[in-house]
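Chain by chain, the residues run as shown.
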Amino acid sequence: QLVESGGGLVQAGDSLRLSCVASGRTFSPYVMGWFRQAPGKEREFVAAIRWSGDNTYYTDSMEGRFTISRDNAGNTVYLQMNNLKPEDTAVYYCAARGNYGSAWQYYLPNSYDYWGQGTQVTVSS
């Protein structure tokens, strides 16, 4: 089970940190990802991290503003979001998949096996 938290309503330029707590099974050696979906748009990749390593992956447009990290002891994955923009408004989802295949697959939502319920992030201008 994946449970996200930390979303909310903020102003442009503010920061938020999203959390995703994984429970109910051992998620190592899984890959954990963050996706987002805005109204009327497809779900898009934000970032991913290997649970048992330091490799991280980002969408080019978000790298530098967003940082993914993990706390293995707490079974938690974080998404630190800085300098938020109105176009970052979306429901943000945490997801998990096995650590197999090629890294390009981490960018694809249909390659993930487990999903959280999502947390709303709204950025006002």
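Residues numbered from 1 in each chain as written. Predicted model: local features only at pLDDT ≥ 70, side-chain atom pairs only at ≥ 80, totals over all residues. Heavy atoms only, no water.

1. Remarks on the side chain of Asn-75
Now for step 1: By the secondary structure assignment, Asn-75 is in the loop between β7 (66–71) and β8 (76–81).
Now for step 2: A distance of 2.8 Å separates a polar side-chain atom of Asn-75 from the backbone oxygen of Ala-22. (Helix = DSSP H or I, 4+ residues; strand = E, 2+ residues; numbered from the N terminus. Polar contact = N/O pair within 3.5 Å; in protein donor to acceptor, adjacent residues only side chain to side chain.)

2. Remarks on the packing of aromatic side chains
Now for step 1: Under the definition given, this model contains 8 aromatic pairs.
Now for step 2: Each ring, one from Phe-35 and one from Trp-115, has its centre 5.2 Å from the other, and the planes form 55 degrees; the classification is tilted. With Phe-35 in strand β4 (residues 30–37) and Trp-115 in strand β10 (residues 114–115), the pair connects residues that are 80 residues apart, well separated along the chain.
Now for step 3: In this structure Phe-35 comes out as buried when scored by relative accessible area, which is 0%.
Now for step 4: Through pairs of rings, three or more aromatic residues link up here, namely Phe-35, Phe-45, Tyr-93, Tyr-107, Tyr-112 and Trp-115.
Now for step 5: Between Arg-17 and the ring centre of Tyr-78, over which it is positioned, the NZ or CZ distance is 4.1 Å. (Phe/Tyr/Trp six-rings, centres within 6.5 Å; stacked < 30°, edge-to-face > 60°. Buried < 20%, exposed > 50% of the residue type's maximum accessible area, 1.4 Å probe, protein only. Lys NZ or Arg CZ within 6 Å of the ring centre and 35° of its normal.)

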